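# Per-entry structural report
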Amino acid sequence: MTQPHTSTGALPTRPAMLALPAAAREPRPQGLRLALTYGTYDLFHIGHVRLFERIRQQFDHLIVAVSTDEFNAIKGKKSVVPYADRAAMVRACRWVDEVIPETDWSQKESDVLAHGAHAVVMGSDWEGRFDHLKPLCDVLYLPRTEGVSSTELRADVVAAVRARA
Ligand code: C2G
């Protein structure tokens, strides 16, 4: 989907977005407040679940974009769990309504337009990084869950395996 920037290169405003042909926007029940969030969700843990739960407390519908293995390579990340399994685990979480693949950094604008999203919500480690989306939708950063991360879990598993060796 091409980027629907205006002639001045600025992002279209919400009224302009709603003027998009319906085909460009998924049909949604009227009045549904919809949020998008993005991540790798490797070694799916309580920090991810709490983020989804808190987003669902503020919105009616949550779409989670899960980074593909190819996109993670672009991000300089290698996840332990392959994309298909990470997406399936996220989809199985009760707070998640839909899962889409995240394949590049610039897809957020078109995702917001295509889904008619009211907000993009991320954990606080991304504070300010997606403010450029504000002409299109709300951008929220929620506090991370302290004491757990995929990186720490990976290190703990490696240490446990080494300790057993
Ligand atoms: N998170 C959290 N608490 C934790 C760990 C993670 O709230 N203890 C949140 C992060 O802030 C992020 C989401 O969980 O919003 C997913 O984190 P990662 O899987 O580490 O995502 P990342 O690889 O940083 O990818 O386009 C954005 C990128 O896809 C984000």
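Overview of the structure. (Residues numbered from 1 in each chain as written. Predicted model: local features only at pLDDT ≥ 70, side-chain atom pairs only at ≥ 80, totals over all residues. Heavy atoms only, no water.)

## Notes on the site of the ligand
This is how the line gets drawn: For this purpose, a residue is taken to be near a molecule or strand whenever a single non-hydrogen atom of the residue falls within 4 Å of it. Side-chain atoms alone can form a polar contact between residues adjacent in sequence; in general such a contact is a pair of N or O atoms within 3.5 Å, and within protein one must be able to donate a hydrogen while the other accepts it. Secondary structure elements are defined from DSSP: runs of H or I of at least 4 residues count as helices, runs of E of at least 2 residues count as strands, and each element is numbered from the N terminus. Here the term charged refers only to Asp, Glu, Lys and Arg, the term nonpolar to Ala, Val, Leu, Ile, Met, Phe, Trp, Tyr, Cys and Pro, and the term polar to all other amino acids, Gly among them.
Lining the immediate environment of the ligand, one finds 22 residues, of which Lys77, Glu102, Asp125, Thr145 and Val148 sit closest. Tyr41 places a polar main-chain atom, nitrogen or oxygen, 2.8 Å from an oxygen atom of the ligand. Within the contact set of the ligand, an oxygen atom lies 3.3 Å away from a side-chain nitrogen or oxygen of Trp126. Mapped by element, the contributors of at least two residues to the shell around the ligand are strand S1 (34-39), helix H2 (46-58) and strand S4 (119-123). Per-element accounting of the shell around the ligand gives the leading share, three residues, to H2. Its residues assigned to classes, the shell around the ligand comprises eight nonpolar, eight polar and six charged.

## Examining the pairing of S4
Rules: Burial here depends on accessible area, computed with a 1.4 Å probe over protein chains only, as a share of the maximum for the residue type. Under 20% is buried, over 50% is exposed, and the range in between is partly exposed. Pairing between two strands requires that DSSP report at least two bridges joining them.
S4 sits mainly inside the fold: five of its five residues count as buried. Residues Ala119, Val121 and Gly123 point to one face of S4 and Val120 and Met122 to the other, with burial holding for every one of them. Direction of pairing for S1 relative to S4: parallel, over a ladder of two bridges. Among the inter-strand pairings, Leu36 is bridged to a residue of S4, identified as Val120. Relative to strand S5 (residues 138-142), S4 runs parallel, the two sharing five bridges. Among the inter-strand pairings, Val121 is bridged to a residue of S5, identified as Leu140.

## A few points about unusual backbone geometry
Within the chain, Tyr41 stands out as a residue other than glycine whose phi angle is a positive 55 degrees. Structurally, Tyr41 is set in the loop between S1 and H2. Here the phi dihedral of Leu43 falls at roughly 45 degrees; this positive angle occurs in a residue that is not glycine.

## Here we look at helix H5 (residues 107-115)
One turn of an α-helix holds 3.6 residues; hence residues three or four places apart share an orientation. A large share of H5 lies buried, amounting to nine of its nine residues. For H5, the complete set of buried residues consists of Gln107, Lys108, Glu109, Ser110, Asp111, Val112, Leu113, Ala114 and His115.

## Here we look at the sheet that holds S4
To keep things clear, this is the line we draw: To get an axis, fit a line to the C-alpha atoms, keeping to the stretch in contact for a helix; angles then go from 0 to 180 degrees between the N-to-C directions. Whether two residues touch is decided by their heavy atoms; if any such pair falls within 4.5 Å, the residues are in contact.
Spatially, five strands are ordered S3-S2-S1-S4-S5 in an open sheet, and the strand pairing comes out parallel. The open sheet has two edge strands, strand S3 (98-102) and S5, and neither has a second partner. Going from strand to strand, the sheet's axes swing by 25 degrees on average, the running direction of each strand aside. Taken strand by strand, H5 contacts S1, strand S2 (61-67), S3 and S4, and its axis lies near 150 degrees from that of S3.

## Considerations on the packing of aromatic side chains
Two aromatic rings, taken as a pair, are described by how far apart their centres are and by the angle between their planes. Threshold: Aromatic pairs are defined between Phe, Tyr and Trp rings, using the six-membered ring for Trp, whenever the two ring centres lie within 6.5 Å; interplanar angles under 30 degrees are classed as stacked, those over 60 as edge-to-face, and all others as tilted. Two thresholds decide whether a charge sits over a ring: the Lys NZ or Arg CZ must be within 6 Å of the ring centre and within 35 degrees of the ring normal.
This model, assessed by the stated rule, comprises five aromatic pairs. With a centroid separation of 5.2 Å and an interplanar angle of 55 degrees, the aromatic rings of Tyr41 and Phe52 are classed as tilted. Here Tyr41 is found in the loop between S1 and H2, whereas its partner Phe52 is found in helix H2, with eleven residues between them in sequence. Of the two residues examined, Tyr41 and Phe52, each falls in the buried class. The interplanar angle of 75 degrees and the centroid separation of 5.1 Å between the aromatic rings of Phe71 and Trp105 together place this pair among those described as edge-to-face. A residue pair is termed long-range when its members are at least 10 positions apart, and Phe71 in helix H3 (residues 69-74) and Trp105 in the loop between S3 and H5 qualify at 34 residues. Judged by relative accessible area, Phe71 falls into the buried class, the value being 1%. On the basis of relative accessible area, Trp105 is assigned to the partly exposed category, the value being 38%. Members of the aromatic cluster, connected to one another through ring pairs, are Phe71, Trp105, Trp126 and Phe130. Lying across the ring of Trp95, Arg94 places its NZ or CZ 4.5 Å from the centre.

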